[in-house]
Amino acid sequence: LMPPSANLSVKWEPGQRKPWLEMTVFGANKQDDLSSGDKRDTQRIPPLGTPGYVIGTIRCGVQVTQNLAFSAALENIADRAYRIHGSGQNEAGRNAVFASKVSF
């Protein structure tokens, strides 16, 4: 089973065509109550189970015109090594994302 997890986000958005800011914290408990099959599958799940984690992200952006918006994000701010239970791969470390959106 997936361990208990939670996502808490707070977004400040003062109005149209003004900058906005969002802070997100995502976390999951450790999962060490494994089935016998999961205990044997050390490729996907570490031998002692999947450790818990807490990840922080900050996003900001601005709607420049009705058709143009820019945003930026700094994900996994603390550069924590973590893995979603059962996924078999570690997630990205600290990551910066820059985006633009053009609509017609």
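Preceding this section is the structure that the text describes.
Heads up: these notes are all about the structure in this document.

### Looking at the side chain of glutamate 22
Moving on, step 1. Here glutamate 22 shows up in strand 2 (residues 20–28).
Moving on, step 2. Residues within four places of glutamate 22 in sequence aside, it is in contact with Ser9, Val10, Lys11, Thr57, Ile58 and Arg59.

### Details of the sheet that holds strand 2
Moving on, step 1. Taken together, five strands build an open sheet; the order of strands is 1-2-3-4-5 and the sheet is antiparallel. Either end of the sheet is taken by a strand with one partner, and the two such strands are strand 1 (5–12) and strand 5 (95–102). Taken pair by pair, the neighbouring strands of this sheet meet at an average axis angle of 15°, ignoring direction.
Moving on, step 2. Direction of pairing for strand 4 (residues 68–75) relative to strand 5: antiparallel, over a ladder of eight bridges. Bridged to alanine 73 within strand 5 is valine 97.

### Considerations on the layout of surface pockets
The probe, sized like a water molecule, is rolled over the atoms to show the empty space still left.
Moving on, step 1. If you add up the space inside the largest pocket, you get close to 160 Å³.
Moving on, step 2. Lining of the largest pocket is provided by Thr24, Val25, Phe26, Ile55, Thr57, Arg59, Glu75, Asn76, Tyr82, Ala92, Gly93 and Asn95.
Moving on, step 3. At the level of elements, strand 2 and strand 3 (53–65) are the ones that each hand at least two residues to the lining of the largest pocket.

### Overview of the pairing of strand 2
Every regular strand shows the same layout, with side chains that alternate between the two sheet faces.
Moving on, step 1. Judged from the eight bridges that link them, strand 1 and strand 2 form a sheet pairing that is antiparallel. Residue pairing across strands places serine 9 opposite threonine 24, the latter belonging to strand 2.
Moving on, step 2. Bridge analysis of strand 2 against strand 3 gives nine bridges, and the strand direction is antiparallel. Its bridge partner being in strand 3, glutamate 22 is matched across the sheet by arginine 59.

### As for the packing of aromatic side chains
Moving on, step 1. Applying the stated criterion across every chain, the model contains two aromatic pairs.
Moving on, step 2. Ring geometry for tyrosine 53 versus tyrosine 82: centroids 4.7 Å apart, planes at 40°, classification tilted. Placement of tyrosine 53 in strand 3 and of tyrosine 82 in the loop between strand 4 and strand 5 is noted, with a sequence separation of 29 residues between them. As far as burial versus exposure is concerned, tyrosine 53 and tyrosine 82 are alike and both buried.

### Quick notes on a nonpolar patch on the surface
Moving on, step 1. There is a patch of nonpolar side chains on the surface, built from Trp12, Leu21, Met23, Ile58, Leu74 and Ile77 and spanning about 530 Å² of accessible area.
Moving on, step 2. In this structure, tryptophan 12 sits in strand 1.

Definitions and limits used
Residues numbered from 1 in each chain as written. Predicted model: local features only at pLDDT ≥ 70, side-chain atom pairs only at ≥ 80, totals over all residues. Heavy atoms only, no water. Helix = DSSP H or I, 4+ residues; strand = E, 2+ residues; numbered from the N terminus. Contact = heavy atoms within 4.5 Å. Pairing = 2+ DSSP bridges. Axes fitted to C-alpha atoms, helices over the stretch in contact; angles between N-to-C directions. 1 Å grid on protein atoms, 1.4 Å probe; cavity = no way out; pocket = protein on both sides within 12 Å on 5 of 7 lines; lining within 4 Å. Points joined across faces, edges and corners; volume = space filled by probe spheres on them. Phe/Tyr/Trp six-rings, centres within 6.5 Å; stacked < 30°, edge-to-face > 60°. Buried < 20%, exposed > 50% of the residue type's maximum accessible area, 1.4 Å probe, protein only. Patch = residues over 30% accessible without salt bridge, like charges linked within 9 Å, V, L, I, M, F, W, Y side chains within 5 Å. Areas by Shrake-Rupley, 256 points an atom, 1.4 Å probe, with all protein chains shown as cover. Salt bridge = Lys/Arg side-chain N within 4 Å of Asp/Glu carboxyl O.

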